[in-house]
Amino acid sequence: MKRWLIVLIALVVLLVPSTAFAATYAEVTVTATPTYIALTNSEGSWALGTIAESSHFWWTATGAAPAEPFVAGDMKSIITNTGSVNVNITVTGFDFTGVVGWALGPTVGSNIVVMKAGKTGDANEAAMVTLTTGAQGFITALPHTSGNTIKWCMKLSTGTFTDGSLKTGKVTLTASQTP
Amino acid sequence: MKKLIGFLVVAGLLLSACAQPSAPPVVQTPEPPPELYDKIWISPGKVEVGNFYPGARAEYPLSIHNGKDEPVKFSVTYRVADNTAEGYVTAPGAAEGWVIIAEPAPVLAAKETRQVLIAVEMSKGAKAPPKWEFWIAVKDVTQTGMVQTELACRWLVEMRR
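Residues numbered from 1 in each chain as written. Chains lettered and ligands numbered in written order. Predicted model: local features only at pLDDT ≥ 70, side-chain atom pairs only at ≥ 80, totals over all residues. Heavy atoms only, no water.

Quick look at the overall build of chain A now. Each helix and strand in chain A was counted, giving one helix and 11 strands. Its helices and strands taken in sequence order, chain A reads α-β-β-β-β-β-β-β-β-β-β-β from the N to the C terminus. Of all 179 residues assigned to chain A, the portion counted as buried reaches 43%. Considering only contacts in chain A between residues 6 or more positions apart, those separated by 24 or more positions represent 76%. For chain A, the exposed area adds up to about 8500 Å²; of that, 61% sits on carbon and sulfur atoms. (Helix = DSSP H or I, 4+ residues; strand = E, 2+ residues; numbered from the N terminus. Buried < 20%, exposed > 50% of the residue type's maximum accessible area, 1.4 Å probe, protein only. Contact = heavy atoms within 4.5 Å. Areas by Shrake-Rupley, 256 points an atom, 1.4 Å probe, with all protein chains shown as cover.)

Here we come to the overall build of chain B. The helix and strand tally for chain B stands at one helix and 10 strands. The linear arrangement of helices and strands in chain B, starting from the amino end, is α-β-β-β-β-β-β-β-β-β-β. Counting every position in chain B, which comprises 161 residues, the buried fraction comes to 46%. Of the contacts made within chain B by residues no fewer than 6 positions apart, 74% connect residues no fewer than 24 positions apart.

Judged by nonpolar contacts, the single largest core of 68 residues is most densely connected at A:Ile79, A:Met115, B:Phe52, B:Trp132, B:Phe134 and B:Trp155. Sort the elements by how many residues they give to this core and strand β10 (residues 147-159) of chain B lands first, with six residues. Ignoring sequence-local partners within four residues, the contact set of A:Ile79 consists of A:Leu39, A:Thr40, A:Asn41, A:Ile89, A:Phe138, A:Ile139, A:Leu142, A:Asn148, A:Thr149, A:Ile150, A:Trp152 and A:Leu173. Of all hydrophobic cores here, the second largest spans five residues; its members include A:Phe70, A:Met75, A:Met128 and A:Cys153. (Core = buried A, V, L, I, M, F, W, Y, C linked by side-chain atoms within 4.5 Å.)

Residue and element names in this part refer to chain B. Inspection of the secondary structure assignment puts Ala109 in the loop between β7 (107-108) and β8 (113-121). Residue classification places Ala109 among the partly exposed positions, given a relative accessible area of 38%. Note: C-alpha distance between Ala109 and Lys68 (41 residues apart in sequence) is 8.5 Å. Non-local contacts of Ala109, meaning those with residues more than four positions away in its chain, are made with Asn66 and Pro71.

Here you go:
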């Protein structure tokens, strides 16, 4: 009897802990597939030079407003998905800095400018993304195989200025794996 | 008989020790295509965490490659997801404090690939939606032009039900 009791206790020690863990804790799982995110943009700068108030400037192949709908030949820069998966690309603007900075806005104003980003296939200027300091969707599911490039452009509209100092702006393109 | 009992006790203890809830992730070492050798890339593009709960920790190394011919300084930062996978919502505001980036400003030599450990350590008692997402953004901070690029890795976290 005593021996059977000891065997029974041993079996309980053997079986109970693992079943208890299985019931109470499902393990935290971490999984990832080795995909590669890589992106290039052919034109990194836009040197505007001296610009006037209440004017419009295009970052296109010729510096002029593109034909509508936007065609590749009129665009300025080429984005290429060089990674191993399709990517979504968001665009984020930053306020211009330099003594009295220029804020990005939906309409121009005193020290407020409007910046827009457009791409091949956009129907017209109204279809362009008006940049803000928050990320906005720009390109969805850019392929990583054939057709892995897209051309794009920008437009800057100025308001009025309170100083004539040099201004510096920035735009970031962020690529993430298409869900 | 005593030997048998002893064996059973030892085996039981060993098995119970093996049943810990924090198994390390299986990391698949990236083997990038040759054409990516001279590009800047990150890998993976997406990390999925399952059965997560307050007090738990999950980690995975993010590989960063410097395809340039000179050293590059990168920034590795937490980023609120610009968009989310289906069924997921953006991470709660507190999540930024749960994410640990082992090396937030690595400087990589030319053509170097480095793994930066990313960990999510959710506070005990904290609350989160059933499925939430955040991003880890990697940027070459030596970029000087007006237009700059950034690469992001999605972290999809599903809480234990």
